[in-house]
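Structural overview
Chain residues, written in single-letter form:
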Amino acid sequence: MRYEFRITGHVSEPVSHAFPELSEFPASRQTLFFGTVTDEAHLYGLLGRFRDLGLHVEEMRRLPD
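Residues numbered from 1 in each chain as written. Predicted model: local features only at pLDDT ≥ 70, side-chain atom pairs only at ≥ 80, totals over all residues. Heavy atoms only, no water.

Our next topic: the nonpolar core. With 12 residues, the main nonpolar core is built from Tyr3, Phe5, Ile7, Val11, Phe19, Leu22, Phe33, Val37, Leu43, Leu46, Phe50 and Leu55. If you list the elements that add at least two residues to this core, you get strand S1 (2-8) and helix H2 (40-52). Those residues in contact with Val11, other than ones at most four positions away along the chain, are Ser16, Glu24, Thr31, Phe33 and Leu55. (Core = buried A, V, L, I, M, F, W, Y, C linked by side-chain atoms within 4.5 Å. Buried < 20%, exposed > 50% of the residue type's maximum accessible area, 1.4 Å probe, protein only. Helix = DSSP H or I, 4+ residues; strand = E, 2+ residues; numbered from the N terminus. Contact = heavy atoms within 4.5 Å.)

Below you can see the structure in the form of structure tokens.
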């Protein structure tokens, strides 16, 4: 399953390295992360990492395979 996560604001390079399994793309007033999520535990783990790093997930959506 592929997912996209829209994060509020610009995410610094050191913080983005906390998500090696995701690709990062800066957008206007947001940072997009996208990539393959292996299962539900992985998805919740990513969301927990975003939270622990103080990042606000504005939107999360599953992408077509």
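Having put the structure on the table, let's press on.
Quick look at the sheet that holds S1 now. One open sheet holds the 4 strands; their spatial order is S2-S3-S1-S4, and the pairing between them is antiparallel. The strands lining the two open edges of the sheet, one partner per strand, are strand S2 (23-27) and strand S4 (57-63). Averaged over all neighbouring strand pairs, the angle between strand axes comes to 20°, with direction disregarded. The pairing of S1 with strand S3 (residues 30-36) spans 7 bridges and is classified as antiparallel. Residue Arg2 lies in a different strand from S3, and its bridge partner there is Thr36. (Pairing = 2+ DSSP bridges. Axes fitted to C-alpha atoms, helices over the stretch in contact; angles between N-to-C directions.)

Taken as a whole, this structure holds 6 salt bridges when the rule is applied. We note a salt bridge from Glu4 to Arg6, for which the minimum N-O separation is 3.2 Å. Judged by its relative accessible area of 9%, Glu4 is buried. Put simply, Glu59 and Arg6 hold a salt bridge, and the shortest N to O gap is 3.7 Å. Here Glu59 is found in strand S4, whereas its partner Arg6 is found in strand S1, with 53 residues between them in sequence. When its relative accessible area of 37% is taken as the criterion, Glu59 is described as partly exposed. On the basis of relative accessible area, Arg6 is assigned to the partly exposed category, the value being 22%. If you follow the salt bridges from partner to partner, you end up with Glu4, Arg6, Glu59 and Arg61 in one network. (Salt bridge = Lys/Arg side-chain N within 4 Å of Asp/Glu carboxyl O.)

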